[in-house]
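Fold and geometry: a report
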Amino acid sequence: MSTISSETLCFGTSDHWPILLSCENIFFDTNVFFPHTIWKVFEAVLALVQIFWTEEQKKNSADEWYKQYIRFIAAVKNRVTNWKERDKYEPSLPAYIIEKLKEIRKVRNRYYHSRHKGVFSEETRVLLRTMTRESKVDIAKHKNTQWQNFLSNIQTSYDKSDKAFWTHLSRIYKSRSLPFYKLSEGTKIISTPEGITNELFQYYSEQFKVPAVDCSNEHEDQIDRKYKELVNRLSVLNDSVEKTSTAEITRIIKTLKPKKSAGLDSVSNFIIKKLPPSYIECLAKCFNTWLNECRYPDDWKIAKIITLNKLKSGIPKCEQTRPISLLATHSKLFEKVLLLRIRQWAETNRLVPPEQSGFRPKCLLPTRVLSIYQEVKSNMAANIPTLALYVDYQKAYDRVWHAALLCKLEKMGMPFNLLKMTNSWLEERKAYVEYGEKTSKIFNINIGLPQGSSLSPYLFIVFHSDLTNYLGAHSCHLFADDLCVLIKPPIMKKLGSMIDYLEKEGTRVCNQVFMYSKKWKQPLNVSKTVIQLFHTQVKRPIVNVTIDGNKIELVKEFKYLGFTWTDKLSLKPTVDKIIGNIQRSLGKLKWIKSGRRMSCKALRQCFFAYTFPHFAWLFPLFPLLPVSQQHVLEQKFRVGLRLVHRCPFVSAHNLLKVTSEQPLQFYVKKYIQRRLKTMFITDLGSSAFYEDIFGWDNFCKRKNDHLGHFFRTRRVRQLKDRHESFLLTWLAFVDAN
């Protein structure tokens, strides 16, 4: 649109005169180009020139060869890609229906105008009613035809074992974040792409500025001095990191998901998986050169930030957007090589506490859930209240202090070659914001761990591995940056005495965590940090706990690690939410079933890919659920089987025989047997869930121990009589099924 002119029309009875906008040239971009890459040709071209690139590596340095290689890979991919023109906006209705709707509008306007003048036409009214009914029928038929065609495409792609099968299904099952075209900043609304890009640039450049060091604070001043000394020592260090091999890189490439979305270097995971072996050998030589120099390439230190909308409605603010950092794809391979070496050092020296189950191999989230449930349930058996503290960090990974991280890693005994490599990985990081077709200026990142890097989460948990030392003898449960502290009072006769202990000890632990976060510049989100009291009393006891002088909110329910924890330790809210998710997923499966061409095998794959994971989420706690809740889950599972096999009227007694399917208990039993089989090579073997059963061997009165009065108290007797080990419940469930 160009050469716009405006004119005020001075007529009409309203106080606001109309403004007429006129334009000489109006055009609309109705077409768009979609890429179609011929991957067989891509592989053939790479295979033909692999000897050339092997010889080129002998002539050039690792950095020069890598730059030319990346340009070549991206150019080949673009050369074998055909761009097909398609309609950018597909009309929701065909042309003949749109024409019919226009005719209906003309008839309706004529009818209402004549009726307004006092002329009533029965013939026009009947015509309008008939045309409206016919148009509704045509629209319904068109939508049904479109839906059946879509289902036919799903079935066709399934028959061909095409990956498009999952692409089609993702349009039904996977939700997408809403795009945003405006940004709220204080009292003003920014709507131009340039303004939004500049506002995001200002926000994120401020977020990643160098943290201010308080020279009057002895600890901060000491960290600053140690960091400068450490950097000077590392700069003159002549050491190398353990070299990698072609076999190791090949194993890492096999673990990559075959995504076709390109990184900052215009290379995707899918392209890397297509590389011939000789290219991987060349990459191994480049990686070994950089490992030998303990240097992270500068080309990998820049990130492109795109933002997603966190809100489901409304205009977001800058802090309500989620930044996604796009890094070079090859850098992720190199970081995985580094991760293996750093993880070997940390796990060999047992630096990460066993209470941490996040981002560690063979450590699972259900272990934390089972441990919390076992510990709290054991306390409630003796009417002993338990105080849970849920700590929320403020932008955990983005606020890591680089100087403190390196100094703490040195204190932990990290080898200097890995320390120099980590310092090179962190320093001189840059980023820019991209919104639509607009790009911001480049800004420096002087704080935080790079997003999208596999190395960042593990370094974070190593950095805060000493947090458990500040919690005293109380048990804690960690999953990445999610912290839960369980405070149990000593057994006393009166409830009031135990509540007083929880208040004092809870305040002390909260202040310890706050001092730790302040010491290492890892700020807490105090407003989102809450406490919860697990109890068996009819009337909920009131607990007052403060952190840095601020009272912490006491909640009845709290969602932690994907489960809703209530103060009575009821699993009903969690089960109800899972059933709601199952019901919505079954509703979508019912839509798919409406296509007569959809086979039972395709429906079964949809069911086990998108609905069954909701059932599997409750497998660790399924044997612990009340029988009524188990029956509800079994009934929903049977509903899914009836939809898959198109047998809605088969009874529950005959359903499994007719469909040749296994019951839900079979899959639960299979899960439990697998967890029990791998118990001692995972974190389950060292958790409170496993150790609880053996802790009762010594919980008895011994001769001449002078503890007779203790074992005669009512709470201790209740604890011994009512205690239940969930590991035995698991074993009983396996035996019963």
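Residues numbered from 1 in each chain as written. Predicted model: local features only at pLDDT ≥ 70, side-chain atom pairs only at ≥ 80, totals over all residues. Heavy atoms only, no water.

Observations regarding the packing of aromatic side chains
For any pair of aromatic rings, geometry is given as the distance between the ring centres together with the angle between the planes. In total, this model carries 47 aromatic pairs according to the counting rule given. Measuring from ring centre to ring centre gives 6.1 Å for Trp53 and Trp65, while their planes differ by 90 degrees; the resulting arrangement is edge-to-face. Here Trp65 lies in helix H3 (residues 62-79) and Trp53 lies in helix H2 (residues 50-59), a separation of 12 residues in the sequence. Accessibility classification places Trp53 together with Trp65 in one group, the buried group. Three or more aromatic residues joined by ring pairs form one cluster here, namely Phe52, Trp53, Trp65, Tyr66, Tyr69, Phe72, Tyr279, Phe287, Trp290, Tyr296, Trp300 and Phe334. The residue whose ring lies beneath Lys260 is Phe270, and the NZ or CZ to ring-centre distance is 4.8 Å. (Phe/Tyr/Trp six-rings, centres within 6.5 Å; stacked < 30°, edge-to-face > 60°. Helix = DSSP H or I, 4+ residues; strand = E, 2+ residues; numbered from the N terminus. Buried < 20%, exposed > 50% of the residue type's maximum accessible area, 1.4 Å probe, protein only. Lys NZ or Arg CZ within 6 Å of the ring centre and 35° of its normal.)

Looking at the nonpolar core
The biggest cluster of nonpolar side chains holds 99 residues, and the ones touching the most others in it are Tyr69, Ile73, Phe334 and Trp345. Among the elements that line this core, the one with the most residues is helix H11 (residues 277-293), at nine residues. Excluding anything up to four places from it in sequence, Trp345 contacts Leu351, Leu409, Met412, Gly413, Met414, Pro415, Leu418 and Val462. Membership of the second largest hydrophobic core comes to 70 residues, among which are Met380, Phe622, Val644 and Phe689. (Core = buried A, V, L, I, M, F, W, Y, C linked by side-chain atoms within 4.5 Å. Contact = heavy atoms within 4.5 Å.)

Focus: the packing of helix H20 (residues 627-645) against helix H22 (residues 664-677)
Relative orientation of the contacting elements H20 and H22 amounts to 110 degrees, with a least axis distance of 9 Å. Taken together, the axes of H20 and H22 are roughly perpendicular relative to one another. In this structure, H20 contributes Leu633, Glu634 and Phe637 to the contact, and H22 contributes Leu664, Gln665 and Tyr667. Split into classes, the residues belonging to the contact of H20 with H22 amount to four nonpolar, one polar and one charged. (Axes fitted to C-alpha atoms, helices over the stretch in contact; angles between N-to-C directions. Parallel < 35°, antiparallel > 145°, perpendicular 65-115°, else oblique. Nonpolar A, V, L, I, M, F, W, Y, C, P; charged D, E, K, R; others polar.)

Digging into the UniProt feature "domain: Reverse transcriptase" (unreviewed entry) in the chain
Per the UniProt record, the feature "domain: Reverse transcriptase" (unreviewed entry) sits at residues 289-565. Span residues 289-565 is 35% helix and 22% strand, its end C-alpha atoms 51 Å apart. (UniProt positions renumbered as here; feature names shortened; annotations may be inferred.)

Structural notes on the pairing of strand S19 (residues 557-560)
Relative to strand S20 (residues 563-566), S19 runs antiparallel, the two being bridged by four bridges. Looking across to S20, one finds that Glu557 is bridged to Thr566. (Pairing = 2+ DSSP bridges.)

With respect to the sheet that holds strand S14 (residues 482-487)
Here five strands make up an open sheet; going across it, the order is S13-S14-S9-S15-S18 and the pairing mixed. With partners counted over all chains shown, the strands left at the sheet margins are strand S13 (475-479) and strand S18 (553-555), one partner each. Put simply, the sheet's adjacent strands are angled 25 degrees from each other on average, direction ignored. When S13 meets S14, the two strands line up antiparallel, connected through five bridges. Among the inter-strand pairings, Phe479 is bridged to a residue of S14, identified as Asp482. Contacting strand S9 (386-391), S13, S14 and strand S15 (530-534), helix H13 (residues 365-381) runs over the sheet at an angle of about 155 degrees to S13.

Quick word on the packing of H3 against H11
Taken N-terminus to C-terminus, the directions of H3 and H11 make an angle of 140 degrees; their axes are 10 Å apart at the nearest point. For the pair H3 and H11, the sense of crossing is left-handed. Where H3 approaches H11, its residues Ala62, Asp63, Trp65, Tyr66, Tyr69 and Phe72 are matched on the opposing element by Tyr279, Cys282, Leu283, Cys286, Thr289 and Trp290. Looking at the contact of H3 with H11, its residues break down into 10 nonpolar, one polar and one charged. (Left-handed = near helix turned anticlockwise from the far one by under 90°.)

What about the state of the cysteines?
Taken as a whole and judged by the stated rule, the model has zero disulfides. Free cysteine: Cys600, not disulfide-bonded; nearest cysteine sulfur from Cys647 at 8.3 Å. (Disulfide = S-S within 2.5 Å.)

Side note on the environment of Lys593
Locating Lys593 in the fold gives a position in helix H18 (residues 572-593). For the pair formed by Lys593 and Thr422, sequence separation is 171 residues and the distance between their alpha carbons is 53 Å. Residues in contact with Lys593, not counting those within four places in the same chain, are Leu603, Leu643 and Arg646.

Describing helix H19 (residues 600-616)
Of all the bends in H19, the greatest, near 35 degrees, is centred on Phe608. Burial in H19 covers these residues: Ala602, Leu603, Cys606, Phe607, Phe608, Tyr610, Thr611, Phe612 and Phe615. Tucked inside the fold, the buried residues of H19 contact helix H5 (122-159), helix H6 (164-173), H18, H20 and H22. (Bend = angle between axes of the 7 residues up to and from the residue.)

Side note on the pattern of salt bridges
Note on pairing: side chains with opposite charge can pair once their charged atoms come close. Enumeration according to the criterion identifies 22 salt bridges in this entry. Taking the shortest distance from any N to any O, the salt bridge between Glu434 and Lys304 comes out at 3.7 Å. Highlighted residues: Glu434 in strand S10 (residues 429-435) and Lys304 in strand S7 (residues 302-309), separated in sequence by 130 residues. Notably, a salt bridge pairs Arg360 with Glu347, separated by 3.0 Å at the nearest N-O pair. Pair noted here: Arg360 is in the loop between helix H12 (329-348) and H13 and Glu347 is in helix H12, with a separation of 13 residues, a long-range link. When its relative accessible area of 27% is taken as the criterion, Glu347 is described as partly exposed. Several salt bridges converge on common partners, so that one network encompasses Asp63, Glu293 and Arg295. (Salt bridge = Lys/Arg side-chain N within 4 Å of Asp/Glu carboxyl O.)

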